[in-house]
Amino acid sequence: MNPAIEFLVAVLILLGALFALLGSVGLARLPDFFTRLHGPTKATTLGVGAMALASAIYFTATQPDFSLHEIAVMIFLFITAPVSAHLLAKAALHRHSAEHGRDVNDTNE
Amino acid sequence: MTQHAAILPILIPFAAALLQLAAKGYGITTQRSIGLVAVLLGVCAATWLVWLADTGGVLVYALGNWAAPFGIVLAVDRLAAMMVLLTALLSAAALLYASAGFDQRGRHFHPLFQLQIVGLQGAFLTGDLFNLFVFFEVMLLASYVLLAHGGGMARTRAGLAYVVLNLAGSALFLIALGMLYGTLGTLNLADVALRLQTLDDNHALARLACILLIAVFALKAALLPLSFWLPHAYAAAGAPVAALFVIMTKVGIVSIMRVQAIAFAPASATADLLDGWLLPLALATVLLAALGALAAPRLRDLTAWLVLASAGTLLITPVFPQAQVSAAALYYLLQSTFVAAALFLVAALVAERRGELSDLFQSGPRLHAPWLGFAFLLAAASAVGLPPFAGFLGKLMLLSALRDSGQATAIWFVLLFAGLLLMLALGKNGGRLFWERSPHHPHAIAVPAGWRRAIAVTLLVSPALLLALFARPVADYTARAAAQLHQPQAYISAVLGENRATVQREVRP
Amino acid sequence: MMRRLLPRPALSISLFLLWAALSNAASFASLLLGALLALLLPFIVSPFWPDALHIQRPALALRFAARIGWDILLANWAVARRVVGPVAALHPAFIEVPLDLRDPFAATVLGSVVSLTPGTVSIDVDRERWVLQVHALDAPDPQALIREIKQRYETPIREIFAC
Amino acid sequence: MEALLAIAIGLLTACGVFLMLRPRTFSLVLGLTLLSYAVNLFLFAGGRLKMDAPPLIRDGANYTDPLPQALVLTAIVIGFGMTAYLVMLALRALAESGDDNVDAKEKS
Amino acid sequence: MLNIAIEIGFVLIGLAMLLNLWRLLQGPDITDRILALDTLNINAIALLVLYGIREASSAYFEGALILAAMGFVATIALCKYLLRGDIIE
Amino acid sequence: MDPTFSLIAILVIALTASPLPLLMQRFGRGHAALATVLVMSACLALLLPLVPAVMNGTTLLASFSWLPDWGLALSFRLDGLGLMFSLLILGIGLLVTLYAYYYLDGHDHLGRFYTLLLLFMSSMLGVVLSENLLLLVVFWELTSLSSFLLISYKRESYESRLAARIALAVTGGGGLALFAGVLLLGHIVGSFELTQVLAAGEQIRAHALYEIMLILVLLGVFTKSAQFPFHFWLPQAMAAPTPVSAYLHSATMVKAGVFLLARLYPALAGSDLWFWLVSGTGALTLLYAAYLAFYRYDFKGLLAYSTISHLGLITLLFGLDTPLSVVAGVFHIINHAIFKASLFMAAGIVDHECGTRDMRRVNGLFKFMPITATLAIVAAGSMAGVPLLNGFLSKEMFFAETVGHPVFDEMSWLLPAFATLAGILAVAYSSRFIHDVFFNGDPVNLPRKPHEPPRWMRAPVEVLVAMCLLVGIFPQWSIAPILNVAAGAVLQQPLPAFHLAIWHGFNAPFMMSLLALAGGIGLYVMRKPLYAFYDRLPTIHASIVFERAYENLVTFARTLLAGLDNGSLQRYLALFFAFVLALGGWAWWSAPSAAPAVVTQTADAASLVALGMLMLAAFGVVSQHRKRLTAIVFTSVIGLIVALIFVRFSAPDLALTQLVVEVVSIVLLLLALYYLPPTSPAEEDLPRIVRDALLALTAGVGLGAASYVLLTTPFETISGFYLAQAVPGGGGSNVVNVILVDFRGFDTLGEITVLAMVGLAAHALLDQLILKAPTHDSEGRHWARERHPLFLEMLMRPLLPLALMVSIYIFLRGHNLPGGGFVAGLVTGVALILQYLASGIGFASARLPQRLPLFLAAGLACAGGIGAASSLLGFPFLTTAHGHLTLPLLGDIELASALIFDLGVYLVVVSVVLMVLADLGKLSVHEGVKS
Ligand code: NA
Ligand code: NA
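Reference entry: report on the structure contained in this document. Just so we're clear, the structure is a prediction, and the values are computed from it rather than from any experiment. (Residues numbered from 1 in each chain as written. Chains lettered and ligands numbered in written order. Predicted model: local features only at pLDDT ≥ 70, side-chain atom pairs only at ≥ 80, totals over all residues. Heavy atoms only, no water.)

## A few points about a nonpolar patch on the surface
The test is simple: Residues forming no salt bridge and having over 30% relative accessible area are the ones grouped into patches, like charges within 9 Å of each other and nonpolar side chains (Val, Leu, Ile, Met, Phe, Trp, Tyr) within 5 Å. Only the protein chains shown count as cover for residues, and all accessible areas are computed by the Shrake-Rupley method using a 1.4 Å probe. A carboxyl oxygen of Asp or Glu within 4 Å of a side-chain nitrogen of Lys or Arg is what we treat as a salt bridge. Strands here are runs of E lasting at least two residues and helices are runs of H or I lasting at least four, both read from the DSSP assignment and numbered beginning at the N terminus.
A contiguous nonpolar patch, built from Leu-33, Leu-36, Leu-40, Phe-43 and Ile-44 of chain C together with Leu-812 and Leu-899 of chain F and spanning about 590 Å² of accessible area, is present on the exposed surface. Broken down by element, the nonpolar patch gets its largest block of residues, five residues, from helix α3 (residues 28-45) of chain C. Looking at the element boundaries, Leu-33 of chain C is found in helix α3.

## Brief notes about unusual backbone geometry
Following Leu-224 of chain B, the chain continues into Pro-225 of chain B via a peptide bond in cis, with omega recorded as 0°. With an omega of 0°, the peptide bond between Pro-387 of chain B and Pro-388 of chain B qualifies as cis. In this fold, Pro-388 of chain B is placed in the loop between α14 (370-384) and α15 (390-401). Backbone geometry places Ser-650 of chain F, a non-glycine residue, at a positive phi of 65°. With respect to the helices and strands, the residue Ser-650 of chain F is situated in the loop between α30 (628-648) and α31 (652-673).

## Observations regarding the arrangement of the chains
Rule in force here: Throughout, a residue-residue contact means that at least one pair of heavy atoms, one from each residue, lies within 4.5 Å.
Where the ten pairs of chains in contact are concerned, the greatest contact count is recorded for chains B and F. Structurally, chain A and chain D remain out of contact, their C-alpha atoms never closer than 14 Å. A minimum C-alpha distance of 22 Å separates chain B and chain E, which share no contact.

## Thoughts on the coordination of the sodium ion (ligand 2)
All names here are of chain F. Just so we agree on the cut-off: Here the coordinating atoms are restricted to nitrogen, oxygen and sulfur within 2.8 Å of the metal centre, or 3.2 Å for Na, K and Ca, and because water is not among them the sites may look incomplete. Buried means the residue's accessible area, taken with a 1.4 Å probe over protein chains only, is under 20% of the maximum for its type, while exposed means over 50%, and partly exposed covers the values in between.
Here the sodium ion (ligand 2) is held by Met-359 (O), Val-362 (O), Asn-363 (OD1), Asp-436 (O) and Asp-436 (OD), and the distances to it run 2.0 to 2.3 Å. Here the donor residues for the sodium ion (ligand 2) map to a single chain with the spacing M-x2-V-N-x72-D. The class of Val-362 is buried, set by a relative accessible area of 0%.

## Overview of the packing of helix α12 (residues 299-316) of chain B against helix α16 (residues 408-434) of chain B
Residue and element names in this part refer to chain B. Put simply, the test is: Note on definitions: angles span 0 to 180 degrees between N-to-C directions of axes, and those axes are lines fitted to C-alpha atoms, for helices only across the stretch in contact. An angle below 35 degrees is read as roughly parallel, one above 145 as roughly antiparallel, one from 65 to 115 as roughly perpendicular, and any other as oblique. Two helices crossing with the near one rotated counterclockwise from the far one by less than a right angle form a left-handed crossing, whereas a clockwise rotation gives a right-handed crossing.
The contact between α12 and α16 brings their axes to 12 Å, and the two run at 165°. The angle between α12 and α16 places the two elements in the roughly antiparallel class. The two elements α12 and α16 meet at a crossing, and its hand is left-handed. Contact residues: Leu-299, Leu-302, Leu-306, Ala-309, Thr-313 and Ile-316 in α12; Ile-411, Leu-415, Leu-422, Ala-425, Leu-426, Asn-429 and Leu-433 in α16.

## Structural notes on the interface of chain B and chain F
For clarity, the threshold we go by: The term buried area denotes the loss of accessible surface (1.4 Å probe radius) that occurs when two parts are joined, taken as the sum for both partners.
Between chain B and chain F, the contact holds 133 residues from the first and 114 residues from the second. At the boundary of chain B with chain F, total buried surface from both sides reaches about 10800 Å², with 75% on carbon and sulfur atoms. In terms of surface lost to chain F, no three residues of chain B exceed Trp-66, Phe-70 and Trp-435 of chain B, which account for 8% of the buried area on that side. Between the two partners, chain B and chain F, sit seven salt bridges.

## Remarks on the pairing of strand β1 (residues 60-67) of chain F
Residues and elements named next belong to chain F. For clarity, the cut-off: At least two DSSP bridges between two strands are needed for those strands to be called paired.
Sheet analysis places β1 next to strand β2 (residues 72-78), joined by seven bridges and oriented antiparallel. If you follow Leu-61 over to β2, its bridge partner there is Arg-77. What sits between β1 and β2 in their antiparallel hairpin is a turn of four residues, with Gly-71 showing a positive phi close to 85°.

## Describing the packing of aromatic side chains
The geometry of an aromatic ring pair comes down to the distance between the two centres and the angle between the two planes. Which entries qualify depends on this criterion: Planes of paired rings set the category: under 30 degrees apart is stacked, over 60 is edge-to-face and the rest tilted, where pairs are Phe, Tyr or Trp rings (Trp by its six-membered ring) whose centres lie within 6.5 Å. A ring is scored as having a charge over it whenever the NZ atom of a lysine or the CZ atom of an arginine sits within 6 Å of its centre and within 35 degrees of its normal.
What the rule picks out here adds up to 68 aromatic pairs over all chains. With 5.0 Å between their ring centres and 65° between their planes, Tyr-51 of chain E and Tyr-60 of chain E make a pair best called edge-to-face. On the basis of relative accessibility, which here comes to 6%, the residue Tyr-51 of chain E falls in the buried class. The exposure class assigned to Tyr-60 of chain E is buried, which follows from its relative accessible area of 2%. Ring plane angle 70° and centroid distance 5.2 Å describe the contact between Phe-294 of chain F and Tyr-295 of chain F, whose orientation is recorded as edge-to-face. Neither residue differs from the other here; Phe-294 of chain F and Tyr-295 of chain F are each classed as buried. A connected cluster of aromatic rings, assembled from ring pairs, spans Tyr-144, Tyr-162, Trp-229, Tyr-234, Phe-245 and Phe-344 of chain B together with Tyr-85 of chain D. Directly above the aromatic system of Phe-18 of chain D lies the positively charged group of Arg-22 of chain D, at a separation of 4.3 Å from the ring centroid. Positioned over the ring face of Phe-843 of chain F is Arg-847 of chain F, at 3.8 Å from the centre of the ring.

No statement about biological role is implied by the geometric values presented.
So, in structure tokens, the structure goes:
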């Protein structure tokens, strides 16, 4: 394997792992649910993205064919991460507001 | 066509179930017709199979054309063929009965019934232990749903216990299989037998695997202390379902007999696995069942206890791996199956006529159905082992065969004493049900049994007499079946064929 | 004719690309199969996607996607810094972004983009007031954030879907 | 490594059995799920542990034992089916008896 | 070089997953636990991809794909349960 | 006609024709009676031609095979004893038939009665004509069964049914003992054929099992012949109609016991045990029953106890074990049958005419029915042993045998004194029967005015009384021939010299007879103080004792069962686990195990981390299991780690499957959790928690240890075959998939059948199920208003085609790379479930096929059909085919029929997921339920 490519892959791997860790650190460390929500939705998805990119490059370089299927992972992750975040936020908000005696969605009525 | 005979008992109900699913929209008559034609074909196929098994050696059918031990094979010896025929007959009677209206009390009765047959027949036919697990599951899941058929709290409660215990049993089955494969590197029963014979000293795992396998079968066979689910489940099931269920304990028993005879050869590491514990537990099962019969409040409960009593009785026999004992056991198995199934149907017909009194052992109206009383009498007499019915002959054979077992005193005492208790219970409660009149319930509900149900009851009751009348050919067959069962080398050779010597095994760390 | 054969061109293309990615564009036969599936699947799923929006400006869509990719990179950097930095220095806030677009799907796209990008997570869209609820990890100036979301994301989305 | 997997299996078994012995259908389901994990891992262990040797035929590769994997697959599927059935039955029991207690002792 | 990076990557992701688990055990609210589970899933994707690189095998990729495409279903189902109780209505 | 044929024919006719009266009943009761008479006559007609041969000392044998391997044969034997009994059975049977026709006047079920009577008669004939001992047991138990039905003829009366049950319990139970005894006897001799058995007396008595065998056989004998302490069933059985008593309790059923004593005499007698057991029981019964008979107020009860006493006498005679005592025993069998049958019939007439059997009310009947009275008096005289009547003769022989019996040399007076005492009591109760019924003042308050019965009702009594006289006066001419052959058949050796005559001179027996007569009358004269004394004694009603014992047994059974099985599923499970652990522990420790620990893999950090996570998660599940949602979350983590373990150890297919199944399972659990309580209540039963924890711990340690040993033990496996054959034989390089769809496709077919049934079960179980939907969550919050969150709803639309694409991709590559029908099906399923989650059941259901069972069928048909297709080509079921297709442009395309099989799997999985989840989801759609 080309050392440059190897280096690139190594950097991407480290970057990805680091972001994944940072997202999780945020999850563990940040003070309330809504701030914690930011870590995973962004840092972690980026971490996976970098990792997938590393994989794509690595396999394309080491194997005869292209390795594109990592892209599929990213596609799905980018579609699903906001949905998870959205629902988590809604759920937390619901629980939070309802605890204070009202339902957030009651305002709609 | 002959080469496919072995798979027909599985494929016919399978195809029927598919047709019934596909024909959902065409009404109950279509469903019934498909089902009845299928069980009829099933009886024919099973009869043919018995004939084939009795004329030749062990019939081996390699599914997917992959020879044992690599592929799954069906191995049909006389025992398997006999059980297949028994299942076919039982299912025919049960379906006839159910087709008189019971099938409409819930959804999907017909395909599930056929799939239940698939599971049963597969379990009897397969020569592969993991495949046995799969067919156990097919059988169990169908039985779970059929048990719940018709609804009601009792069914759900009993069903829950039945399901959960059997799920635990399935988990254990998998553990046993994992251990067996991890030790012997094979799943084919014949191959397992072969490997067990050549095992070195380090065989604790193999023993453990085998005993766990036996424990699974003991659960299906309802050996004490794994028996408590049975009375609840069987009594809760609808009559035709309960009638079909009678065969299910036999699956466990036959499996134990088979594994014992084929895999636990006298010289093998597993030869003593049934010693010491099975006999006392089996005897305790019989006694408990007899007491249960005394305590039973309804005929269907009593019948469920009868099933347990016969299961306990049959579970004595694998402890003594002799052809004569097995021959006796198989004859006894035939009659006890029919008789208990018949009693379930009779109980339901009686309950129907007695309305809210159901089949509770309380005085009630005159039933105006002497044939029902007659059927009850016949079945009950056979069940408790009164001559000249098949139950007596079965007991005669068992007692004779077990005479030299070394434990004859205990076995004889328990079997005869339990017979007496059952006789007392049936004598008392049969009288209450059929003879005792209650002024509060002067009139029975006039429900015609209908030809289907009458035929079904007749089909199941008549063996009590026919098996006695034609005891010789039947007993000769069971003797041949038992002899074949106790010649494991023949079975192994038939199943493994040329592979026997040349099975490529690779050593894995 | 084209419309009938290819009711959702963007979807079909996406599907084809997904297939190509999944199969690593291994062989011609496989790509052909993928194309076939990309043509067929929209028909199969069309009942599940009633009144779908169509991408009116594909080129803009591509450019917008690239910009989001870049934003995600930046956003992560920013968030990462804040995550390891002093927690007390954060200014988390709930923000309501009034929307101009009126299409639920477009709003969803906007919400997703907001969720994926700098320190913001979309919580909900109030479909009566057409307001996007957003939680920001660190928003000392909420109004700036609202402006940025509207300009940077809502406007292009409205243009892409022409809504 | 073997010890680790053995511990994992034992742990899952113990937790599964303990939960199965709780008197509620829901705990039963949970316990059964855990026990299934343990059992599947055990069945899988029947083929021993081999790393980076998936049974996908390619040149010059070494392979782990594929048969236990096939068996576990079947077991997972059947286990899923059974869990689904149990859950449905539990709901039916709930509808009929009003609670999810499966221990008659606690019932009046 | 690559091997070192991979090993470091494993350590980092392993740490990340332990942190997720810590949050999972810690809560305090159920939403925190669900969030932790979701993050754990995503980290697992990274782990699988990384494992694939280490073993130079694409055999594990589908695991990552399935986690990416289906893993979030657990999260949304759990959230929907919190919101509405009935997740399919 | 061939004599052996006749022998068989008698039984075949008797048995097969027994339903005839039932069938003829519709033509009138006369026809039923006629049919009975005809059947009996036919039997008699077949029997009579055989008489000369038997009288010449021939033993006729006939044998047909039944169950030869087990010693049971349809072999019959007609010798003197059998002939004597057959004649009694058929002769008295005919008389009883005639008698019953009148006695049961006004009953509806005469046909049933006659049928049962014939059935009973057949069984009785079977007992006395059996050559095979097992066959004898068959008929023996059949007499128990048919007598059960006869005694409970008045089935709606509690007393009748109870009496029948008591009789069944005692005689049927005794029959079981006899069964066991006969099995042992046959084992000792090596044959169940009487010819062999009777010739093997020495061998039998010398055998180690002799004592136990004898006791078992005697249990059968004593119960059937109502010997003390098993006598109590017989007085109860008087609840039966009198014809039944006349038949069963004089001549037949109860005689079966003493018949067996006689039958097996050469084989079993001749030991001390025999002497003490048989004569002791007989003597005790003789005296005790005679004593009780004297105190009866019910004249039928008096006769019943007298019967017991006489049976005791006969038993005693066989027990005395001298040739002459045996002759006397046989003789008394005949005499007792004759006079007791007539007495029962006479008693029946009185009962029939008076409507009561209480001797305190029935008085002075002589003036109302002088002829019947005379007959009864004569018969009672015979019972008392009055000279010129047959009973006198055999009693004289009995007295003679008691005098100077060899066993009692020192106390030789004891036995005669005892016999005389019994004679005194017999005279006393006979006197009572005569005096109290036919004289003793006037009737008291009778329901109806008694008069002579119909002419033909009395006829049977007349015949029998005539025989009493005939035998009593002309014994040598009338009874000697048959007695000789019968006794000869019993002894199986030349008869001792004896002379049947009325007058043997003033010898000891005659003095004893005189003493008995005088003493008996004296006793009767003193009856008043004796009755007064007896009435003060506590009375024990056997029926009450029996019923109470039965109820106690039932209560015991109920208590025991309730104790064992409290309906707790958890107890069943605990028992199951404990049982398995105990059994497994035993199997493990009882075998040598020297596991060579081969650790092949060293643990690395990642694995330790995974294990740590697993532990934490498992701890989470157990500690949080009462908070159910949290527990689900933790379970999900465990599922993820298990998937990672699969990945780690080279099982990508398993990991995939595990991951998707996990998702579906969570959705499933959440659907259920909506209706289930969100939390479990706390448990307070600490001992139980400890018990469960111990069980769980043991199970965990057990399986963990087993895993470790398993993992570190090398083994040989067949799996090399799969690896070698996957590509050439199965056409796929994913060996797991090839195993699933090809090598072991049959398993997979079964597996999807299970799944399909789960789908059907969803319909079957959840159809019309009504569940209360909670309006708020566990912490009391009301549910959010918004049903379908916007982002979710919108984003799931593009996701569906993308996910479908993934599932197709996974499906197609499965044969060669990780994937396959099952995972693909689950992915499709989840993609569709997402539509339910996002847009609701109304939206999704409307867009999905309605008849999912059809899809199930299609899936199963794909999988099964491709298998069946190979059968049509002559290959076994599920044989696959595969090949390469080279197309221009496209290149090499691999085709395998296994793909169609996999398609079946796919279809089934998708349908099932939809059926289950949609049906669970639908539970809340039932309007109005959601309050
Ligand atoms: Na069972
Ligand atoms: Na009187």
